[in-house]
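Here's the letter readout for the chains.
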Amino acid sequence: MTALGELIAPRRLGRDFRWLMSAAWTSNIGDGIALAASPLLIASMTSSPVLVASGAMLQFLPWLLFGLHAGAIADRVERRMLVMLAHGVRAVIVLALVAFLVTGTANIAIVLAVSFLYGTAEVFADTSTSTLLPMMVKPADLGIGNARLQAGFLVANQLAGPPLGAFLFAVGHFWPFLVQVLAVSLALLLVARIARQPVPPRSSAGADPSAGSEPRKSHVGHDIAEGVGWAWRNKPVRTLIIIILAFNVTWAAPWGILVLYATEHLKMGPVGFGALTTASALGGLAATLSFGWLERHVSFATLMKICLSLEVLMHLAFALTTNGVVALGIMFGFGAYAFVWGTISTTVRQRLVPHELQGRVGSVNMVGVFGGMVIGQAVGGLIAQAWGLTAPWWFAFGGAALTLLLMWRQISHIAAAKPVLEDAPADESPAGDAAQ
């Protein structure tokens, strides 16, 4: 294994992790391409702001509708197979869109329907993928594993994918989506190389110890209730989800009108708006280079407090500045600490949740994430309409500061909570296990 390969995916994480990382990065390239191409396609078919906004909303909506079900199903079946099935469905959905575009029969209704169906399949793919990592690596390696997966998201989804998607769309409307099909299909093949994972055992709550890893026979609704109940009773996990929900409400309030803030308040124009999101991705990428050092030298509790404190200060800085260059610097810093926070919060949650509940508790967390975003965007739009484009930043500053003040002491308890995961039997051999 080359030195670069060892740096990106350390040998101790195992061969299965390398297949998982490769699949995640490949899938993110396809999603990054669509991140630019989908809005361009919708805008080419309609000038209605409601329909244009609906394209983004229909990708968030499936998380609220099906997120908990996806988590329950992921805890019932062999998760690797569920990821493969979800990728396969995603590829077929986008291939159908390509066929409509090539034949000239595509319309706005079809495109919006594809957005919703693809988003639904993505819920199952992402939920199941997030459960695989804790089954592959030891708890002590979850931090570096999540950091590598997040790095792939930043590079492929946020940096490389969107410009490529815009370029391909200019060549021909169907080209970005055809490349997306190829990327998702390749991700499916890479996941197939992962060794077969055991079906999660019945959870300890009301489970029959002699049942071993037999498939679940309870109703999905019961499984969802069990996962939600476990997350609520486990104070560190419950508090972490509440923090994420609250901070996503405050974050999304100004983020939903960021394009207007950048073009009208900062006078940066469309290119400047794109530069803001690029600066955020570059900040996150820079943080990947230092995460290993931070994990070794700074406690998770301290890092979590620093990241959330910087979030509060970022909102204040955006509320005060009128300079586009300053805004780019703030956004770079945001990308850096947001990457660290996301990696740590995911790692802490995964360490605290039993394997058989990873899917359901993870889905509760994601419902909190996207629920907060939907609420925040609605609130931010109303605030901006009533009091101006900087008002959502002041709302975010006050709300985030109050949340941090109330949760400050609890953050240390979350980070110090005793992990329930035992050391996973990670593949430590050079060759790893062959896919079965």
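Residues numbered from 1 in each chain as written. Predicted model: local features only at pLDDT ≥ 70, side-chain atom pairs only at ≥ 80, totals over all residues. Heavy atoms only, no water.

### Re the overall build of the protein
How we decide: In this text, helices come from DSSP runs of H or I with a minimum length of four residues, and strands from runs of E with a minimum of two, each type numbered from the N-terminal end. Relative accessibility under 20% of the residue-type maximum defines a buried residue, over 50% an exposed one, and the middle range a partly exposed one, all with a 1.4 Å probe and only protein chains included. Should any heavy atoms of two residues lie within 4.5 Å, those residues are counted as being in contact. For the area figures, the Shrake-Rupley method with a 1.4 Å probe applies, and any residue is considered shielded solely by the protein chains shown.
The helix and strand tally for the protein stands at 15 helices and 0 strands. Looking at the protein as a whole, 52% of its 436 residues qualify as buried. The long-range fraction of contacts in the protein, counting pairs at least 24 apart against all pairs at least 6 apart in sequence, stands at 86%. For the protein, the exposed surface amounts to about 18700 Å²; the carbon and sulfur share of it is 70%.

### Some points on the confidence of the model for the protein
Stated precisely, the cut-off is as follows: Per residue, pLDDT captures the predictor's confidence, and it can take any value from 0 to 100.
Residues at a pLDDT of 70 or more form 89% of the protein, whose mean pLDDT is 84. Confidence scores differ between elements of the protein, with helix H1 (residues 3-8) showing the lowest mean pLDDT of 65 and helix H12 (residues 300-320) the highest of 96. Every residue in residues 204-216 is under pLDDT 50, and counting partners more than four places away or in other chains gives 20 contacts. In this model residues 422-436 is a low-confidence stretch, pLDDT under 50, and it forms 38 contacts with partners more than four residues away in sequence or in other chains.

### Observations concerning helix H14 (residues 358-387)
Going by this rule: Here, expected helix span is obtained from the residue count minus one, scaled by 1.5 Å.
The end-to-end C-alpha distance of H14 is 42 Å, a good match for the 44 Å that 30 residues give at a rise of 1.5 Å each. Looking one or two residues beyond H14, the residue adopting positive phi is glycine 388, at roughly 105°.

### Description of the environment of threonine 250
Looking at the element boundaries, threonine 250 is found in helix H9 (residues 235-255). Under the relative-accessibility criterion, threonine 250 is labelled buried at 4%. It is 9.1 Å that separates the C-alpha atoms of threonine 250 and histidine 315, two residues lying 65 residues apart in sequence.

### Some thoughts on the packing of aromatic side chains
Short version of the rule: Two rings from Phe, Tyr or Trp (for Trp, the six-membered ring) form a pair when their centres sit within 6.5 Å of each other. Planes less than 30 degrees apart are called stacked, planes more than 60 degrees apart edge-to-face, and all others tilted. For a ring to carry a charge above it, either NZ of a lysine or CZ of an arginine must fall within 6 Å of the ring centroid while also lying within 35 degrees of the normal to the ring plane.
Tallied over the full model, the rule gives 11 aromatic pairs. Centre to centre, the rings of phenylalanine 334 and tyrosine 337 are 5.5 Å apart; their planes meet at 85°, and the pair counts as edge-to-face. Within this pair, phenylalanine 334 and its partner tyrosine 337 are both found in helix H13 (residues 324-352), separated by 3 residues, close to a single helical turn. Pair check on accessibility: phenylalanine 334 and tyrosine 337 agree, each one buried. One cation-aromatic arrangement involves arginine 238 over tryptophan 232; the distance from NZ or CZ to the ring centre is 5.0 Å.

### Comments concerning unusual backbone geometry
Phi angles above zero are rare outside glycine, and lysine 267 is one such case at about 60°. Its location among the elements puts lysine 267 in the loop between helix H10 (258-265) and helix H11 (269-297). A relative accessible area of 66% means that lysine 267 is categorised as exposed.

### Some words on the nonpolar core
Filter applied, for reference: The nonpolar core is taken to be a set of buried Ala, Val, Leu, Ile, Met, Phe, Trp, Tyr and Cys residues, with the residues joined through side-chain atoms within 4.5 Å.
Ranked by size, the top nonpolar core spans 65 residues in total, and within it Val237, Ile243, Phe318, Val340, Trp341 and Ile344 carry the most contacts. Considering every element that reaches this core, the biggest residue donor is H13, with 12 residues. Residues in contact with isoleucine 243, not counting those within four places in the same chain, are Leu308, Trp341, Met407, Ile411 and Ile414. In terms of nonpolar packing, the next biggest core, distinct from the first, is built from 20 residues, Ala9, Leu133, Leu149 and Ala187 among them.

### Focus on the environment of valine 111
Looking at where valine 111 falls in the secondary structure, it is placed in helix H5 (residues 108-136). Considered as a pair, valine 111 and valine 94 are 17 residues apart in the sequence and their alpha carbons are 9.8 Å apart. The residues touching valine 111, leaving out its near neighbours within four places in the chain, are Leu41, Ile42, Met45 and Leu97.

### Quick word on the pattern of salt bridges
Note on pairing: side chains with opposite charge can pair once their charged atoms come close. Our working definition: The term salt bridge refers to a side-chain nitrogen of Lys or Arg lying within 4 Å of a carboxyl oxygen of Asp or Glu.
Counting across every chain of the model gives 9 salt bridges. A salt bridge links arginine 12 to aspartate 141; the shortest N-O distance between them is 2.9 Å. Of the two residues, arginine 12 sits in the loop between H1 and helix H2 (15-45) while aspartate 141 sits in the loop between H5 and helix H6 (142-171), which places them 129 residues apart along the sequence. Among the charged side chains, a salt-bridge network with shared partners connects Asp75, Arg79, Glu226 and Arg360.

### Let's talk about the side chain of serine 27
With respect to the helices, strands and loops of the structure, serine 27 is situated in helix H2. Taking the relative accessible area as the measure of exposure, serine 27 reaches 7% and is therefore buried. Beyond its immediate chain neighbours, meaning those up to four positions away, serine 27 contacts His87, Arg90 and Ala187.

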